[in-house]
Amino acid sequence: MTTKNNHPELIEKLAEGIRNLTTSDDWERYLSFQSRFYRYSFGNVLLIAAQCHEATQVAGFNAWRKMNRFVRKGEKAIWILAPMVYKNADAEEGQDDRVIRGFKFVPVFDVAQTDGVELPTVCSRLHGDDPIGACDILLEVARSIGFTVVPHEFDGTTNGDCSHSERRIRIEIRNTPAQQVKTLAHEIAHALLHEKFESRALAELEAESVAYVVCQSIGIDSSDYSFGYVATWAGGGDQAVAGIKASCERIQKTAATILRAFELASKEVAA
C-alpha cells in the first residue's frame, strides 16, 4: 500500500484510462444504446424523482420491448407528462406542420422494473475482497466528519448515496467488499466536497476521481468502474479529462484527507 507522493501520477493514469475507454468499441456501443433514451424536461425529472427517487433509466413499455427487456408483471408505472402533437392543417409550405395542444400523463418504467437482455455498460462492479480492512478505516473517516454509514439494499444499479441533511451515507450491502470500499470512498468525497454544488456531473466526476485515487493508493484497482463512471458523467473523453484537470487540486486534497487515516492506521500497526 502506498499513500504518499503519487497523486499526480494517479490523476494522469485516470485521465489516460478515460482517453482509451472513450475511443473504444465498447464506448461506441454504450453511446448507441444511450441514444435510445429520451432527454426528459426538468419538470419530468422532478416527477420521476418524486415517484421513484432511485430511478436511473426510464422508458415506456414498448420502448423497453424494442430493447429486448420486459416490464415485470405488477410493477407500478412512473407517470410523466408527454406533449399531445397534432398536424396543423393551416401551416404554410416550408413551416413545421406539427403543433402541441396540451399535455397528457403517460406511463414509463425504470430499468430496475424490467428483465431481459443485459444492458451494455462501461462500468463494471469490482470483484475481490478487502484484505487490509479498508472499509473499517473509511468508516472511521466518515464518523470523524459526523456521518453515519448504514448498509442498504437499493433497487436497480445504485451502489450508495450521501445525505448531508441526515448526515448519513448508505452503501449497497450485496456488493463485494472491494466495491463497497470504492463506493464508501466515493460517498465520503461527496460528504467532504458537495454539501452545495451547482453541477451534478462535476460533483460525480470529483467524487469518483477521489475514490479512484484512494483505491489505487491502497491496492484496489477500480479502473473497470471509475473510468466509465467519470466519462459518462462528464460527457466524453475530452470533457472528462478537462474536468479532472480543472478539479485536480480539490481531488488531490480530498484524497489526501482520506488517505491520512490509512497512514495513521499503518503507524499504529507498526508501533
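In case you missed it, the structure is sitting above this.
The rules we used
- Residues numbered from 1 in each chain as written.
- Predicted model: local features only at pLDDT ≥ 70, side-chain atom pairs only at ≥ 80, totals over all residues.
- Heavy atoms only, no water.
- Pairing = 2+ DSSP bridges.
- Helix = DSSP H or I, 4+ residues; strand = E, 2+ residues; numbered from the N terminus.
- Contact = heavy atoms within 4.5 Å.
- Axes fitted to C-alpha atoms, helices over the stretch in contact; angles between N-to-C directions.
- Parallel < 35°, antiparallel > 145°, perpendicular 65-115°, else oblique.
- Left-handed = near helix turned anticlockwise from the far one by under 90°.
- Nonpolar A, V, L, I, M, F, W, Y, C, P; charged D, E, K, R; others polar.
- Core = buried A, V, L, I, M, F, W, Y, C linked by side-chain atoms within 4.5 Å.
- Buried < 20%, exposed > 50% of the residue type's maximum accessible area, 1.4 Å probe, protein only.
- Salt bridge = Lys/Arg side-chain N within 4 Å of Asp/Glu carboxyl O.

## A closer look at the sheet that holds strand β3 (residues 78-87)
Moving on, step 1. Strand order in the open sheet formed by three strands is β1-β4-β3, and the pairing between neighbours is antiparallel. Each of the sheet's edge strands pairs with one partner strand only, and the pair in question is β1 (58-59) and β3.
Moving on, step 2. Where β1 lies against strand β4 (residues 98-110), two bridges are found, and the strand directions are antiparallel. From the neighbouring strand, Ala59 faces β4, where its bridge partner is Phe109.
Moving on, step 3. Here helix α3 (residues 42-51) sits on the sheet in contact with β1, β3 and β4, set at roughly 150° to β3.

## Notes on the packing of helix α7 (residues 200-217) against helix α8 (residues 223-234)
Moving on, step 1. In contact at an axis separation of 9 Å, α7 and α8 are set at 165° when each is read in the N-to-C sense. Considering the angle they form, α7 stands roughly antiparallel to α8. The way α7 lies across α8 gives a crossing that is left-handed. In contact with Arg200, Ala201, Glu204, Leu205, Glu208, Ser209, Tyr212 and Gln216 of α7, α8 contributes Ser223, Tyr225, Ser226, Phe227, Tyr229, Val230, Trp233 and Ala234.

## So, the packing of helix α1 (residues 7-21) against helix α9 (residues 237-246)
Moving on, step 1. Two numbers describe how α1 lies on α9: the axes approach to 9 Å, and their chain directions differ by 170°. With respect to each other, α1 and α9 are oriented roughly antiparallel. Contacts between α1 and α9 involve Ile11, Leu14, Ala15, Ile18 and Arg19 from the first element and Gly237, Ala240, Val241, Ile244 and Lys245 from the second.
Moving on, step 2. Residue composition of the contact of α1 with α9, grouped by class: seven nonpolar, one polar and two charged.

## Some details on the nonpolar core
Moving on, step 1. Ranked by internal contacts, the top residues of the largest apolar core, which has 51 residues, are Ile18, Leu138, Ile188, Val210, Ile244 and Phe262.
Moving on, step 2. Non-local contacts of Leu138, meaning those with residues more than four positions away in its chain, are made with Val181, Leu184, Ala185, Ile188, Ile258 and Phe262.

## Quick notes on the pattern of salt bridges
Moving on, step 1. Counted by the stated rule, this structure contains 13 salt bridges.
Moving on, step 2. Glu16 is paired through a salt bridge with Arg19; the nearest N and O atoms lie 2.9 Å apart. One end of the pair, Glu16, and the other, Arg19, are both in helix α1, three residues apart, so they sit about a helical turn from each other.
Moving on, step 3. Glu16 sits in the partly exposed class, given a relative accessible area of 36%.
Moving on, step 4. For Arg19, a relative accessible area of 28% gives the class partly exposed.
Moving on, step 5. Taking the shortest distance from any N to any O, the salt bridge between Arg174 and Glu153 comes out at 3.9 Å. In this pair, Arg174 sits in the loop between β8 (168-172) and α6 (177-193) while Glu153 sits in the loop between β6 (148-152) and β7 (160-163), placing the two residues 21 residues apart along the sequence.
Moving on, step 6. When salt bridges with common partners are traced through the structure, they connect Glu12, Glu16 and Arg19 into a single cluster.

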